[in-house]
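In case you want the letters, here they are:
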Amino acid sequence: QVQLVESGGGLVQAGGSLRLSCAASGRTFSLYSMGWFRQAPGKAREFVAAIVWSGGNTYYADSVKGRFTISRDNAKKTVYLQMNSLKYEDTAVYYCAADPNLVVVVTTPDYWGQGTQVTVSA
């Protein structure tokens, strides 16, 4: 079992930066692949980024490549999403997710956080 709690959301101007954090509970955090998703008003939830258990491989949606960076600290049981050059269209609720399987974490992960709001003003 993994419980996830996101933080770091807020209001930022276009072109600015935010760093989201996701704190996990559970003794086997280091064995889980972790991901970030987002859901904008009126839209379906979409994949943003994922990272394997070791942190050695990362994956990104095309819309955020070059602007967002996912990382993790297994000692702190925390995964991060550094968001730079934010755009108005990045406005959404951002969710942290976890699953033992990388293929699953980018699609239908087993565990979800409650979400944190990111609002980018134009």
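Above this text sits the structure in question.
An account of the accompanying structure is given in this report. Along each chain, numbering runs from 1 in the same order as the chain's sequence is written. Side-chain atom pairs in this predicted model are given and counted only at pLDDT of 80 or more, local residue features only at pLDDT of at least 70, and totals for whole chains, interfaces and linings cover all residues. Computation of side-chain values covers all heavy atoms of the structure but excludes hydrogens and water.

### As for the overall build of the protein chain
- By definition, any uninterrupted DSSP run of H or I lasting at least four residues is a helix, any uninterrupted run of E lasting at least two residues is a strand, and each is numbered from the N terminus. Counting secondary structure elements, the protein chain contains 1 helix and 11 strands.
- Ordered by position from the N terminus, the helices and strands of the protein chain form the series β-β-β-β-β-β-β-β-β-α-β-β.
- A compact globule built from 122 residues would reach a C-alpha radius of gyration of about 14 Å, and the protein chain, at 13 Å, matches this within 12%.
- Along the first, second and third principal axes, the C-alpha set of the protein chain runs to 40 × 25 × 25 Å.
- Note on classification: 1.4 Å probe, protein chains only; a residue is buried when its accessible area is under 20% of the maximum for its type, exposed when over 50%, partly exposed between these limits. Burial statistics for the protein chain: of 122 residues in total, 43% are counted as buried.
- Restricting to contacts in the protein chain with at least 6 residues of sequence separation, those with at least 24 account for 57%.
- Here the open area of atoms and residues is found with the Shrake-Rupley method and a 1.4 Å probe, where only the protein chains shown may cover a residue. Per element, the accessible surface of the protein chain, about 6200 Å² overall, is 50% carbon and sulfur. We compute the radius of gyration over the C-alpha atoms and compare it with the globule rule, which gives 2.2 Å times the number of residues raised to the power 0.38. The criterion used for residue contact is that any of the two residues' heavy atoms lie within 4.5 Å.

### So, the pairing of strand β5 (residues 46-51)
- Pairing between strand β4 (residues 33-39) and β5: 5 bridges, direction antiparallel. Note on β5: the bridge partner recorded for Arg38 is Glu46.
- Note that β5 and strand β6 (residues 58-60) share 3 bridges and pair antiparallel. Each bridged residue has a counterpart across the sheet, and for Ala50 the counterpart in β6 is Tyr59. Should DSSP find at least two bridges between two strands, the strands are regarded as paired.

### Examining the environment of Val93
- Structurally, Val93 can be placed in strand β9 (residues 92-99).
- Note: C-alpha distance between Val93 and Ser25 (68 residues apart in sequence) is 21 Å.

### Section: the environment of Gln82
- Position of Gln82 among the secondary structure elements: in strand β8 (residues 78-83).
- With relative accessibility at 26%, the residue Gln82 sits in the partly exposed group.
- Spatially, the C-alpha atom of Gln82 lies 12 Å from that of Lys65, the residues being 17 residues apart in sequence.
- Not counting residues up to four positions away in its chain, the partners in contact with Gln82 are Ser17, Leu18, Arg19, Arg67, Phe68 and Thr69.
- Within 3.5 Å is the distance limit for a polar contact, defined as a pair of N or O atoms, with the added protein rule that one can donate a hydrogen and the other accept it, and that residues adjacent in sequence qualify only through two side-chain atoms. Polar contacts involving the side chain of Gln82 include one to the side chain of Asn84, which spans 2.9 Å.

### Considering the state of the cysteines
- Whenever a pair of cysteine sulfur atoms sits within 2.5 Å, that pair is classed as a disulfide. This structure, assessed with the given rule, holds 1 disulfide.
- Through a disulfide, Cys22 is tied to Cys96; the S-S separation comes to 2.1 Å. Residues Cys22 and Cys96 are joined by a disulfide whose S-S torsion is about -80°; by sign, that bridge is left-handed. Taken together, the residues span a long stretch of sequence, with Cys22 in strand β3 (residues 18-25) and Cys96 in strand β9 at a distance of 74 residues. One exposure class covers both Cys22 and Cys96, and it is buried.

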